[in-house]
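# Breakdown of the fold
As a plain string of letters, each chain reads:
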Amino acid sequence: DNDFVLAGLAQLFATWVLAAQKYGGVSAKDDAKRIAALGKEELLEIARSEDVSPALARDLSGLPPVLVTTGSCETLRDSQLALVERLEKASVQVQSELLKDMPHAVGLANFAASAKCTGPMDVVDRYARFLDECCGIPYQEPVKGGCCCGLQ
């Protein structure tokens, strides 16, 4: 069942990301053993760190402009929207977009984009447009069927 496989991969990826944060990277067999040894409480402790979860940072003031893209289906939707509110209260220039029917970190899944589901590449293109705006560079529209840099 594809849903089961995808859920398992998502859990594995999340564990790897948390462990990479704790250990400063993951690359060797020894690291794999350390990851496998992490228990639920240790993973939750890592996830609660403001170094891993920017929404938990005590002070958001002084940040450069921020783009927050939030999938409407993601489990972190409410915390992402709360982060936007905190950024606004800290007088940070923030742009926020709620992406219909998209999961968390959809931009990392740009390889999954297709003619029927352009969402992942649309997010990557949005990131590029945001960076261009911040740097004062004229935005180049995406080529048909691909991203602005023509990688697809």
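Residues numbered from 1 in each chain as written. Predicted model: local features only at pLDDT ≥ 70, side-chain atom pairs only at ≥ 80, totals over all residues. Heavy atoms only, no water.

### Considerations on the overall build of the protein
- A tally of regular secondary structure across the protein gives 5 helices and 2 strands.
- In the protein, the order of α-helices and β-strands from amino to carboxyl end is α-α-α-β-α-β-α.
- For the protein, buried positions account for 27% of its 152 residues.
- In the protein, once contacts between residues fewer than 6 apart in sequence are set aside, the share between residues at least 24 apart is 49%.
- Counting every atom, the protein has about 10500 Å² of accessible surface; 57% of that belongs to carbon and sulfur. (Helix = DSSP H or I, 4+ residues; strand = E, 2+ residues; numbered from the N terminus. Buried < 20%, exposed > 50% of the residue type's maximum accessible area, 1.4 Å probe, protein only. Contact = heavy atoms within 4.5 Å. Areas by Shrake-Rupley, 256 points an atom, 1.4 Å probe, with all protein chains shown as cover.)

### A look at the confidence of the model for the protein
- This prediction gives the protein a mean pLDDT of 74; 66% of its residues lie at or above 70.
- Taken element by element, the protein is modelled with least confidence in helix H1 (residues 2-23), mean pLDDT 54, and with most confidence in helix H4 (residues 77-89), mean pLDDT 91.
- Here residues 1-9 is a poorly scored stretch, pLDDT under 50, and it has 0 contacts once near neighbours within four places are set aside; other chains count.
- Here residues 146-152 scores under 50 on pLDDT; set against residues more than four positions off or in separate chains, the count is 17 contacts. (pLDDT = per-residue confidence, 0-100.)

### As for the nonpolar core
- Membership of the largest hydrophobic core is limited to 9 residues, which are Ala-57, Leu-60, Val-66, Val-68, Leu-83, Val-84, Leu-87, Val-92 and Val-94.
- Of all the secondary structure elements, the ones that give two or more residues to this core are strand E1 (66-71) and H4.
- Counting residues per element, this core draws most heavily on H4, which supplies 3 residues.
- Not counting chain neighbours up to four residues away, the residues in contact with Val-92 comprise Leu-60, Ser-61, Leu-63, Pro-64, Val-66 and Leu-87. (Core = buried A, V, L, I, M, F, W, Y, C linked by side-chain atoms within 4.5 Å.)

### Quick word on the side chain of Gln-80
- Within the secondary structure, Gln-80 is located in helix H4.
- For Gln-80, a relative accessible area of 16% corresponds to the buried category.
- Contact partners of Gln-80, with chain neighbours within four places excluded, come to Val-68, Thr-69, Thr-70 and Glu-74.

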